[in-house]
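# Per-entry structural report
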Amino acid sequence: MLMSRSLSLTRSRTGLSIVAVLGMIASTVVRADDPPPAPAPPPEKPAVVVPGKLPVVHLLNGGYAPGTLGPIDRPGTLRWDSPSFARPFEFSANAVNAVHWPLPAALPRPEGDFCFELAGGDLVYGALLDLDDRKAVIQTPRMGKVSLDRDKIRRIDRWSNSSDLIYSGPNGLTGWTEVSPRGLFREESGQPISEKPGAILLGQFGLPARALVEFEISWKGKPDFLLALGVGTAEEQKTREEEVRRRAMNGQAAQKLNRTSLENAFRFEVWEGELVAHRETETEADLAPIQPIAAGPGRVHLQAYLDQEKGRMTVLSSSGQPLCDLSVKSKHGEVSPNIWLANLKGDVRLERLRISKWGGDSPREAKADLARIHLNDGSIVYGNVVDFDEKSREFVVKPEAGGEESRVGLDRLASVFLAPSADDARRTLRAVYLDGTRISGELTRIQDDAIWMTVPGLSEPCRLPIDGLRSLVVIRHEPVDKDKDKEVEKGDSGGRLEMDGLLLPGELASTSPDSGTSALAWKPEGSATASALKANASGKVIYKDPPPPKSPNLAQQQQRVRVIQAQPVGVAQGFLRALSSAPPSQSGPPGGRRAIHLRTGDIIPSEITKIDEAGVTFRTTLSDSTFVPNEKVKAVELALGGASVVRLNKSKQERLLTLPRMQKESPPTHLIRAKNGDYLRGRILGMDDKNVQVEVRLETKQVPRDRIARIIWLHPDEVDPTKAPAKPPESKGQARVQAVRSDGIRLTFVPEKFAEGTLSGRSDVLGPCRVSMKQVDQLLIGTAIDQAAAFTTYGPWRLKNAVEPKIAMDEEDGSSGRSPGTESALVGKPAPDFKLGLLNGETFKLSEQKGKVIVLDFWATWCGPCLQAMPQVERVTDEFKDKGVKLIAVNLQEGAPEIKAMLERHKLHPTVALDRDGVVAERYAANAIPQTVIIDKEGNISRLFVGGSPKLGDQIREALNDVLSGAKPAKGPVKE
């Protein structure tokens with residue numbers, strides 16, 4: 001009756017459980033195919049620590065730091081020496097979660113004849129030297145020879161030379177593969193644990209056809225887990241996942257595809273408050289309840305005798321009581337070697353997993369409350385184990401009811417169960433070794449590369465070597481008085497220190513810097529001591545997280561901004577003439593700030609009084625200093641309204657900051673932004689309270705100062721790093737800091753003292769300075785200042801050289817085997833449509849030119865190579881004008897008067913289209929000009945030439961002949 005009732009439940013619940021787990025895999029796969037995020041500044045919070053050469057301490061507050069254990073003789077205290085600090089910290093064990101050491105490539109195998117399972121979950125490997133009714137003498141690799149109270153031993157398993165034993169653990173996450181996204185499972189005390197829904201592990205342990213699997217699983221809240229025995233190989237699982245990705249399946253299809261992962265597995269799962277064992281194939285299903293599961297902390301400890309060939313699983317309790325017997329044959333009787341552990345909801349911890357070969361004989365029921373010995377053949381010998389004869393290697397068993405003693409040799413032994421006893425011993429710390437050894441107790445001291453603990457059952461303190469440790473886990477934390485442990489307020493300098501691989505909540509502390517150390521000292525939460533940072537330290541202290549980046553306003557991004565190139569005299573004169581005659585603009589939002597921006601990212605509110613060849617003179621309320629040299633300046637903001645925000649779309653900003661090839665020897669040094677939004681490139685010679693002197697093409701002009709919104713410096717080392725000025729040495733080897741205030745002010749200085757919530761030091765621009773930490777959102781340290789400067793308002797405004805024309809266009813012999821002009825990825829694709837006004841006042845639309853061959857020549861009056869190439873292009877296209885070939889010279893962002901003047905001087909007569917905002921050039925990837933594009937009669941790009949080589953005319957002529965005749969271009973490899 002029970003089995004038939006359970007079977008009906010299987011049909012509904014089994015499908016749901018598989019759907020739930022596999023649906024999580026499907027959603028994971030979909031996320032893996034999502035496009036990568038757009039480039040952004042580095043994340044404010046550091047990534048999870050990746051194990052390296054040093055162990056890492058993990059704190060209860062989420063902090064972590066690499067370092068090493070140091071000697072200390074105070075009980076319950078860990079001394080932690082981190083390489084970024086001058087002195088070690090002393091953490092209370094109550095503030096520590098664990099210390100984890102990096103794992104080797106392969107874990108060592110435990111040594112010894114036996115595995116001793118002790119009270120409190122401890123595990124020790126070694127040799128048994130003596131055993132009586134009070135004590136056991138054990139020889140261990142870690143502790144040496146120890147005498148242990150017998151009542152602390154729960155079980156003794158044969159270990160050495162046991163050919164039937166396949167796996168004994170768990171050994172953390174070693175041997176497991178995360179099927180779910182990485183990081184959903186973690187290890188604690190060498191045990192896999194997860195509180196994340198949908199966390200899945202695949203254990204590749206090589207289950208034989210007949211296996212005994214003993215496992216123990218615990219939880220803290222309402223459990224909802226799945227343990228599957230006999231899951232397919234990792235290769236099969238990987239193939240299924242790749243197939244899901246390839247076919248971009250929806251959830252239902254992915255579940256159907258992956259169903260075979262669990263189809264033949266024997267599963268343990270929590271259903272509606274009950275742990276059940278079940279198996280389902282395409283034709284059969286069987287289910288049986290194991291035990292009720294209540295909400296709240298709990299555990300289950302079971303033995304599963306699994307015969308995959310016969311499709312049968314018998315489940316016993318840890319004490320040997322039979323609980324269920326499932327029998328569901330699969331179609332082919334295949335053997336699957338792996339195990340699957342999934343946390344559907346709630347939390348799960350795998351505390352024990354032991355896999356051994358099983359001969360196939362029916363397991364025998366055991367009397368859990370009696371001492372006994374389990375033999376290899378499945379039989380059980382009951383009685384009190386009174387002795388171990390080391391010479392004969394035999395256990396001596398005396399029956400409880402009296403009678404003659406019997407002996408059991410190691411060749412017959414499987415396990416020894418001693419009579420259970422209560423254990424309420426105090427344990428705070430557990431040492432977990434790489435070989436699986438676990439020992440817990442109370443920390444007394446750390447000395448001579450060893451940890452000393454008082455271990456329940458041992459009369460003397462136990463010495464545990466640090467070498468070979470995998471983890472130190474604090475398993476008991478004392479309750480904390482929340483009123484006495486309130487969060488440190490910002491005004492008290494509380495924050496979190498973030499460095500490479502380190503995160504420590506805490507506060508700045510007063511210190512006197514020594515040689516090689518910084519004036520900054522950090523006191524982490526939970527540490528009794530503070531320590532100065534070393535002088536080469538780099539990182540940040542965060543007091544207030546910046547707001548998440550807002551989605552850019554498309555209308556603001558694409559607003560029309562005139563970008564004026566400085567080279568042609570006429571255009572520059574037009575810009576200057578407009579500034580001289582127009583009234584001061586009041587456009588832009590109010591609330592800007594007059595300020596000077598330094599290359600280090602500093603923002604200093606100030607009134608600019610003068611600019612000359614030496615630098616900038618200013619007034620500020622922050623300091624008595626009044627001057628900063630040009631090599632330190634990045635920008636000055638002269639106007640209040642609308643001057644604090646730079647808004648240009650990407651293509652316009654790139655074009656504005658691209659240095660033409662003809663200007664490499666004499667690059668511009670400044671960008672000048674008028675209040676109406678126009679930009680001019682040139683060289684600032686000087687500025688006073690009325691005028692700005694600007695040099696444009698060797699001509700000096702005067703511009704009224706009140707027409708200028710901002711000036712941006714373009715430094716030579718931005719295009720040629722060898723021209724960078726020498727950096728001044730740090731004061732006494734001290735690292736710089738940059739205080740980022742909540743009002744937007746950024747100030748860089750060398751710290752000298754911290755006291756009473758104020759950090760004081762010396763700035764090489766402002767001289768002596770003081771910063772109240774109550775006003776600071778972030779404190780950047782060392783090289784983090786330069787990294788952050790790249791993402792400030794003016795950090796990305798840096799000159800770059802224009803792209804050089806492709807050398808392949810100048811080939812003399814055509815040995816590349818590829819037609820010139822076919823290198824671009826645009827060749828062969830439909831030409832982007834556009835509509836532009838012409839110089840003569842008419843309009844040109846590309847889509848209306850079907851049936852004609854169109855030649856687009858992208859150019860500008862300031863581009864020397866363009867003026868050399870255009871006569872060739874015009875002359876060749878005139879040869880084909882009777883065959884439907886039309887030349888359109890697309891000018892980039894210049895005015896009609898300048899264009900007409902240039903064409904008249906050079907006696908050129910092309911049809912000129914005005915790309916006033918550069919949109920068409922962007923569509924055709926015209927990042928370097930001249931660029932000539934040939935579009936065939938069907939509207940496809942047939943050739944694209946970059947540069948103006950002497951052979952350009954011949955190449956265009958050959959290309960036009962091919963296009964008109966329908967000949968296909970050669971597609972040979974491009975010559976390197």
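Look a little higher up for the structure.
Residues numbered from 1 in each chain as written. Predicted model: local features only at pLDDT ≥ 70, side-chain atom pairs only at ≥ 80, totals over all residues. Heavy atoms only, no water.

## Quick look at the overall build of the protein chain
Applicable threshold: Strands are runs of DSSP state E lasting at least 2 residues, helices are runs of H or I lasting at least 4, and numbering of each runs from the N terminus. Only protein chains enter the calculation, and the probe is 1.4 Å; a residue is then buried if its accessible area is under 20% of its type maximum, exposed if over 50%, and partly exposed in between. Should any heavy atoms of two residues lie within 4.5 Å, those residues are counted as being in contact.
Counting its secondary structure elements, the protein chain contains 12 helices and 68 strands. In the protein chain, which comprises 976 residues, the proportion classed as buried is 53%. Taking contacts inside the protein chain between residues at least 6 apart in sequence as the whole, the part at least 24 apart equals 65%.

## Quick look at helix 10 (residues 896-906)
The criterion, for reference: Taking the helix axis as origin, the arc is that swept by the directions to the C-beta atoms.
Taken together, the buried positions of helix 10 are occupied by Ile 899, Met 902 and Leu 903. Seen from one end, helix 10 has its buried residues packed into an arc of 95°, which puts them on one side. Turned more than 90 degrees away from the buried face of helix 10 sit Pro 897, Glu 904 and Arg 905, all of them exposed. Trailing helix 10 by a residue or two, Lys 907 shows a phi angle of about 55°, which is positive.

## With respect to the sheet that holds strand 21 (residues 285-292)
For sheets, the rule is that strands pair by backbone hydrogen bonds, running either parallel or antiparallel. What counts is decided by this rule: One bridge is not enough; two strands pair if DSSP finds at least two bridges between them. To get an axis, fit a line to the C-alpha atoms, keeping to the stretch in contact for a helix; angles then go from 0 to 180 degrees between the N-to-C directions.
Spatially, seven strands are ordered 13-16-25-18-19-20-21 in an open sheet, and the strand pairing comes out antiparallel. Edge positions in the sheet fall to strand 13 (176-178) and strand 21, since each has one partner strand and no second. On average, adjacent strands in this sheet sit at an angle of 20° to one another, irrespective of strand direction. Bridging between strand 19 (residues 266-271) and strand 20 (residues 274-280) involves five bridges; their strand directions are antiparallel. In the sheet register, Phe 268 faces strand 20, and the bridge partner there is Ala 277.

## Brief notes about the pattern of salt bridges
In plain terms, the rule: The term salt bridge refers to a pairing of a side-chain nitrogen on Lys or Arg with a carboxyl oxygen on Asp or Glu at a separation within 4 Å.
Scanning the entire structure with this criterion turns up 39 salt bridges. Of the charged contacts, one joins Asp 435 and Arg 142 as a salt bridge, the two residues approaching to 3.6 Å between their closest N and O atoms. In this pair, Asp 435 is assigned in the loop between strand 33 (429-433) and strand 34 (438-447) and Arg 142 in the loop between strand 9 (135-140) and strand 10 (144-149), connecting sequence segments 293 residues apart. The class of Asp 435 is buried, set by a relative accessible area of 7%. Residue Lys 632 is joined to Asp 764 by a salt bridge in which the shortest nitrogen-to-oxygen separation is 3.2 Å. Residue Lys 632 is found in the loop between strand 48 (627-629) and strand 49 (633-637), and its partner Asp 764 is found in the loop between strand 58 (758-763) and strand 59 (767-772); the two are separated by 132 residues along the sequence. Several salt bridges converge on common partners, so that one network encompasses Glu 117, Glu 216, Arg 299, Glu 351 and Arg 352.

## Brief notes about unusual backbone geometry
In this structure, the amide linkage connecting Gly 169 to the following residue, Pro 170, adopts the cis form with an omega of 10°. Inspection of the secondary structure puts Pro 170 in the loop between strand 12 (165-169) and strand 13. A positive phi is found at Gln 893, a non-glycine position, where the angle reads about 60°. Within the element layout of this structure, Gln 893 appears in the loop between strand 65 (885-892) and helix 10. For Lys 907, which is not glycine, the phi torsion reads 55° and is therefore positive. Along the chain, Lys 907 falls in the loop between helix 10 and strand 66 (911-915).

## Considerations on the environment of Asp 688
Going by this rule: Two N or O atoms count as a polar contact when they lie within 3.5 Å, although within protein this holds only if one can serve as hydrogen donor and the other as acceptor, and sequence-adjacent residues are included solely when both atoms are side-chain atoms.
Note on placement: Asp 688 falls in the loop between strand 52 (679-687) and strand 53 (691-696). Take Asp 688: its relative accessible area is 36%, and that puts it in the partly exposed class. Separated by 76 residues in sequence, Asp 688 and Asp 612 have C-alpha atoms that sit 8.9 Å apart. One polar contact links the side chain of Asp 688 to the main-chain amide nitrogen of Asn 691, over a distance of 2.8 Å.

## Let's talk about empty space enclosed by the protein
Test applied: Site definitions follow a grid-based scheme: protein atoms alone, a 1 Å grid, a 1.4 Å probe that fits but cannot get out for cavities, and for pockets an open set with protein on both sides within 12 Å along at least five of seven lines, plus lining residues having an atom within 4 Å of a point. Grid points are joined across faces, edges and corners, and a volume is the space filled by probe spheres set on the points. Each residue receives one of three labels: charged for Asp, Glu, Lys and Arg, nonpolar for Ala, Val, Leu, Ile, Met, Phe, Trp, Tyr, Cys and Pro, and polar for the others, Gly being one of them.
Tallying each qualifying case throughout the model produces seven cavities of 30 Å³ or more. Here the largest cavity is characterised by a volume of approximately 60 Å³. Surrounding the largest cavity, Leu 118, Val 124, Ile 138, Met 143, Val 146, Leu 148, Ile 439, Val 455 and Leu 458 form its lining. In terms of residue class, the lining of the largest cavity is made up of nine nonpolar, no polar and no charged. By volume, the second largest cavity amounts to about 50 Å³.

Note that every value here comes from positions in space, so none of it alone points to a role or purpose.
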